[in-house]
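Here is how the chains run, residue by residue.
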Amino acid sequence: MKLEVVAQAGELFSGEVSEVVVNAAAGELGILPGHTPLLAVILPGELRYRTVAGESGVIHTSNGFVTVDSDHIMVVVESDVKSVEV
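About the thresholds
Here, residues in each chain are numbered from 1, in the same order as that chain's written sequence. Reporting of local features is limited, given that this is a predicted model, to residues whose pLDDT is at least 70; pairs of side-chain atoms are given and counted only at 80 or more, and all residues count toward the totals for whole chains, interfaces and linings. Note that the side-chain values use all heavy atoms of the structure and ignore hydrogens as well as water. Put simply, a salt bridge is a Lys or Arg side-chain nitrogen that is within 4 Å of an Asp or Glu carboxyl oxygen. Numbering of helices and strands starts at the N terminus; helices are DSSP runs of H or I of at least 4 residues and strands are runs of E of at least 2. Remark: exposure states derive from per-residue accessible area (1.4 Å probe, protein chains only) relative to the maximum for the residue type, with buried under 20%, exposed over 50%, and partly exposed in between. UniProt positions are given in the numbering used here, feature names are shortened, and annotations may be inferred rather than shown by experiment. Any pair of Phe, Tyr and Trp rings, taking the six-membered ring for Trp, is counted once the centres come within 6.5 Å. Such a pair is stacked with planes under 30 degrees apart, edge-to-face with planes over 60 apart, and tilted for the rest. Two strands form a pair only when DSSP identifies at least two bridges running between them.

Trainee: Residues and numbers for the pattern of salt bridges, please.
Mentor: The full count for this structure, using the stated rule, is two salt bridges. The partner of Arg50 in a salt bridge is Glu19, and the shortest N-O contact between them spans 3.8 Å. Here Arg50 is found in strand 5 (residues 45–51), whereas its partner Glu19 is found in strand 2 (residues 10–24), with 31 residues between them in sequence. Classification of Glu19 by relative accessible area gives partly exposed; the value is 33%.

Trainee: Quick one: what's the story with the UniProt feature "domain: ATP synthase F1 complex delta/epsilon subunit N-terminal" (unreviewed entry) in the protein chain, residue by residue and with numbers?
Mentor: UniProt's entry tags residues 1–79 with the feature "domain: ATP synthase F1 complex delta/epsilon subunit N-terminal" (unreviewed entry), counted in the numbering of this structure. For residues 1–79, the end-to-end C-alpha separation is 24 Å, with 0% helix and 71% strand making up the annotated structure.

Trainee: An account of the packing of aromatic side chains is requested, with residue identities and associated values reported.
Mentor: To describe a pair of aromatic rings, one takes the distance between the centres and the angle between the planes. Evaluation of the coordinates by the stated rule reveals one aromatic pair. Considering the side-chain rings of Phe13 and Tyr49, the 4.5 Å spacing of their centres and the 35° angle between planes classify their relative orientation as tilted. Pair noted here: Phe13 is in strand 2 and Tyr49 is in strand 5, with a separation of 36 residues, a long-range link. When its relative accessible area of 5% is taken as the criterion, Tyr49 is described as buried.

Trainee: I'd love a proper account of the pairing of strand 1 (residues 2–7), names of residues and values included.
Mentor: When a strand is regular, its side chains alternate between the sheet's two faces. Sheet topology note: the strand 1/strand 2 ladder contains six bridges and is antiparallel. Opposite Lys2, over in strand 2, you have Glu16 as the bridge partner. A loop of two residues connects strand 1 with strand 2, the two strands running antiparallel in sequence. Relative to strand 8 (residues 72–77), strand 1 runs parallel, the two sharing five bridges. Residue pairing in the sheet places Leu3 in a bridge with Ile73 of strand 8.

Laid out in structure tokens, this is it:
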């Protein structure tokens, strides 16, 4: 799956991932390959991901939204946040 995380300042992350967990308005949302298309509001919190190489990462997010379509995940947040490798 392709994950892209963007903010007003530009792209924060882009890469191939095997799983993603976001802090959606209705609670944590896990996204795996083949997930049905969706659009969801995300709240401030952590976006966790695992790359196809097995590396884990965390991005601290602000308010925004996430879309999933054909194994392409797009996360748009309001402000710059920092990425931290776990």
